[in-house]
Amino acid sequence: MKTIDVIPLYRHITGFDGLSSFLDSTSSADSTELGSAPYNIEKTNENSYTVSLVAAGFAEDELDISVERGVLTVRGEKKVDEMPKYIYQGIANRALERRFSLAEHVEVIGARLEHGLLMIDLVKNIPEAMKARTIPINASNNVIAHDAEQQAIKAA
């Protein structure tokens, strides 16, 4: 009997709040990844996240970050003018590409390169219409009086 381990799939979702949105967004995740750059996803506060991706050896102008249709894509391409003559090459000069499916209302607000780590800041902006709100309970005569006041204001 085979079991399916979905835990590795959770690594590719940032800011999701439900299994249904997780399953919907995994269909857009890429199936192949160039250069297996390790990364962390850190929740910095209630609605903010930071994705830290290893980008050792890449300069800022060799990295490209884009968001399209809810997918955050990080690409790195080394710019080599002249091929060095290595005696030993333990560090691969390969391209980097990593994709993350973003949950609904998660936006990229900035990125920075520090000590070989590319850090991408994300924030979850839930529209006011979708946020939970408290509805006050009024006595029925207060509601009628309020409606009468509103009608009087409109008539004036």
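Going by the structure above, here's the rest.
Residues numbered from 1 in each chain as written. Predicted model: local features only at pLDDT ≥ 70, side-chain atom pairs only at ≥ 80, totals over all residues. Heavy atoms only, no water.

## So, the overall build of the protein
Next up, step 1: Scanning the protein from N- to C-terminus turns up three helices and eight strands.
Next up, step 2: Scanning the protein from its N terminus toward the C terminus, one meets helices and strands in the order α-β-α-β-β-β-β-β-β-β-α.
Next up, step 3: Within the protein, buried positions represent 26% of all 156 residues.
Next up, step 4: Sequence-distant contacts in the protein: of pairs separated by 6 or more residues, those separated by 24 or more amount to 56%.
Next up, step 5: If you sum the accessible surface of the protein, you get close to 11,700 Å²; carbon and sulfur atoms cover 53% of it. (Helix = DSSP H or I, 4+ residues; strand = E, 2+ residues; numbered from the N terminus. Buried < 20%, exposed > 50% of the residue type's maximum accessible area, 1.4 Å probe, protein only. Contact = heavy atoms within 4.5 Å. Areas by Shrake-Rupley, 256 points an atom, 1.4 Å probe, with all protein chains shown as cover.)

## Quick notes on the pairing of strand β6 (residues 96–102)
Next up, step 1: Burial within β6 is extensive, with six of its seven residues counted as buried.
Next up, step 2: Relative to β6, strand β5 (residues 71–76) is paired through six bridges, and the arrangement is antiparallel. Across the sheet, the residue bridging to L72 is F100, located in β6. (Pairing = 2+ DSSP bridges.)

## With respect to the nonpolar core
Next up, step 1: With 18 residues, the main nonpolar core has L53, L63, L72, L96, L118, I120 and L122 as its most contacted residues.
Next up, step 2: For this core, the secondary-structure elements that each account for two or more residues are β3 (48–54), β5, β6 and β8 (117–124).
Next up, step 3: Contacts of L72, omitting those with residues within four sequence positions, involve I65, S66, V67, R98, R99, F100, L102, V108, I120 and L122. (Core = buried A, V, L, I, M, F, W, Y, C linked by side-chain atoms within 4.5 Å.)

## Section: unusual backbone geometry
Next up, step 1: One non-glycine residue, R69, lies in positive phi territory at about 50 degrees.
Next up, step 2: Looking at the secondary structure, you find R69 in the loop between β4 (63–68) and β5.
Next up, step 3: Residue classification places R69 among the exposed positions, given a relative accessible area of 79%.
Next up, step 4: Phi at H105 takes a positive value of approximately 75 degrees, unusual for a residue other than glycine.
Next up, step 5: With respect to the secondary-structure elements, H105 resides in the loop between β6 and β7 (106–114).

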